[in-house]
Amino acid sequence: FVTNANYSKVKKFQKKISNVKEINNPNFVLFSTKTKKIFKIKMQKEEENFSENKPNILDFFQEVKDEIKMIEWPTFDRVLKQFVIVLISLVFSALFIFSIDGLFAAGNKILFEGNF
């Protein structure tokens, strides 16, 4: 993903290479095409608003919205599979802790109460 720090570095790099408008350089190989499009739109908006340097709350929320669009959300199947894995792990962990607790309780009875 593109952080604000990376975004400013890319912006400076873009200005250095003679105001290239398109994102076709090899530094963007790791980004998806969706991210490239959003990034390109973000760059164009920033060029339009270049004269305004004042922080604006609406710009902040627009940037948050743009960043959320760049997130690759998991599919329902993946979430369901991970949920089942977590649930199974939870059950086995609970059974393990319960059995160890039972062994310690039995050992406690044998050692301290003298009950066999």
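Structure's up top.
Presented here is a report on the structure given in the accompanying data block. Being a predicted model, the structure only gives us computed values, none of them experimental.

What about the overall build of the protein chain?
Phase 1 of the analysis: Secondary structure summary: the protein chain contains four helices and zero strands in total.
Phase 2 of the analysis: Relative to its full complement of 116 residues, the protein chain shows a buried share of 12%.
Phase 3 of the analysis: Taking the intrachain contacts of the protein chain between residues at least 6 apart in sequence as the baseline, contacts between residues at least 24 apart amount to 61%.
Phase 4 of the analysis: Of the roughly 10200 Å² of accessible surface on the protein chain, a fraction of 66% belongs to carbon and sulfur atoms.

Considerations on the environment of I41
Phase 1 of the analysis: With respect to the helices and strands, I41 occurs in helix α2 (residues 33-48).
Phase 2 of the analysis: We classify I41 as partly exposed; its relative accessible area is 43%.
Phase 3 of the analysis: Along the chain, I41 and D66 lie 25 residues apart, while their C-alpha atoms are 9.5 Å from each other.

A closer look at a nonpolar patch on the surface
Phase 1 of the analysis: A cluster of nonpolar side chains, contributed by F76, L80, F83, V84, L87, I88, L90, V91, F92 and L95, occupies part of the molecular surface with about 1000 Å² of accessible area.
Phase 2 of the analysis: For F76, the position within the fold is in helix α4 (residues 76-113).
Phase 3 of the analysis: We classify F76 as exposed; its relative accessible area is 64%.

Some remarks on the packing of aromatic side chains
Phase 1 of the analysis: Across all of its chains, the model carries one aromatic pair by this definition.
Phase 2 of the analysis: Between F60 and F61 the ring centres are 5.3 Å apart and the planes differ by 70°, which places this aromatic pair in the edge-to-face class.

Quick look at α4
Phase 1 of the analysis: Along its 38 residues, α4 runs 54 Å from first to last C-alpha, staying within 8% of the 56 Å computed at 1.5 Å per residue.
Phase 2 of the analysis: With its phi angle positive at about 75°, G114 sits one or two positions after the end of α4.

What counts as what
Residues numbered from 1 in each chain as written. Predicted model: local features only at pLDDT ≥ 70, side-chain atom pairs only at ≥ 80, totals over all residues. Heavy atoms only, no water. Helix = DSSP H or I, 4+ residues; strand = E, 2+ residues; numbered from the N terminus. Buried < 20%, exposed > 50% of the residue type's maximum accessible area, 1.4 Å probe, protein only. Contact = heavy atoms within 4.5 Å. Areas by Shrake-Rupley, 256 points an atom, 1.4 Å probe, with all protein chains shown as cover. Patch = residues over 30% accessible without salt bridge, like charges linked within 9 Å, V, L, I, M, F, W, Y side chains within 5 Å. Salt bridge = Lys/Arg side-chain N within 4 Å of Asp/Glu carboxyl O. Phe/Tyr/Trp six-rings, centres within 6.5 Å; stacked < 30°, edge-to-face > 60°. Expected span 1.5 Å × (residues − 1).

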